[in-house]
Amino acid sequence: WDNADFSRGVGTTFYQEFSTLNTAKPPFVRDVEAKVRRYLRSSYSAAWTLKITWEKAPVHAAWTDTRKTITYQAVLTTDGFRSYILMLYQDGGMQWDYTRLTSSNVLIGYS
């Protein structure tokens, strides 16, 4: 979640919280549960989920090129005991020129 620069008025960030402990689950939360179940081969029922979206985010030092943006999401979810994060990137959406970043050890994901 680094190197995005919204200071030039390009792009936006927004979030949506889903508290589903004792309520009906919207399709988005059901999709998150299905992904966790499929990838981890476990039963999972979300009690809380947070979706954060960076839309058309320009790279840090946006004055270099505000046309090359990226749209991505982080989805945090928990059942109250286990917590997971899904990092979702728009297919073909990485438009940043990583060779022009100030750091040369660029990663997509986390460690």
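Residues numbered from 1 in each chain as written. Predicted model: local features only at pLDDT ≥ 70, side-chain atom pairs only at ≥ 80, totals over all residues. Heavy atoms only, no water.

- As recorded by an unreviewed UniProt entry, the protein chain carries the name MUC4 protein and is attributed to Cettia cetti.

**Observations regarding the side chain of Thr20**
(1) Moving on: Counting through the fold element by element, Thr20 comes out in the loop between strand E1 (12-19) and helix H1 (27-40).
(2) Moving on: In this structure, Thr20 is in contact with Lys25, Pro26, Val29, Ala46, Ala47 and Trp48, ignoring residues within four places of it in sequence. (Helix = DSSP H or I, 4+ residues; strand = E, 2+ residues; numbered from the N terminus. Contact = heavy atoms within 4.5 Å.)

**A word on the packing of aromatic side chains**
(1) Moving on: Summed over the entire model, instances satisfying the criterion amount to four aromatic pairs.
(2) Moving on: Measuring from centroid to centroid gives 5.3 Å for Tyr44 and Tyr84, while their planes differ by 85°, and the two rings are edge-to-face. Taken together, the residues span a long stretch of sequence, with Tyr44 in the loop between H1 and strand E2 (48-58) and Tyr84 in strand E4 (residues 83-89) at a distance of 40 residues.
(3) Moving on: Seen from their ring centres, Trp54 and Tyr72 are 4.8 Å apart, and the 10° between their planes marks the pair as stacked. One end of the pair, Trp54, is in strand E2; the other, Tyr72, is in strand E3 (residues 69-78), and 18 residues separate them in sequence. (Phe/Tyr/Trp six-rings, centres within 6.5 Å; stacked < 30°, edge-to-face > 60°.)

**Re the confidence of the model for the protein chain**
(1) Moving on: In the predicted model, the protein chain carries a mean pLDDT of 82, and 77% of its residues have values of at least 70.
(2) Moving on: Taking the mean pLDDT of every element in the protein chain, the minimum, 89, falls on E4 and the maximum, 95, on H1. (pLDDT = per-residue confidence, 0-100.)

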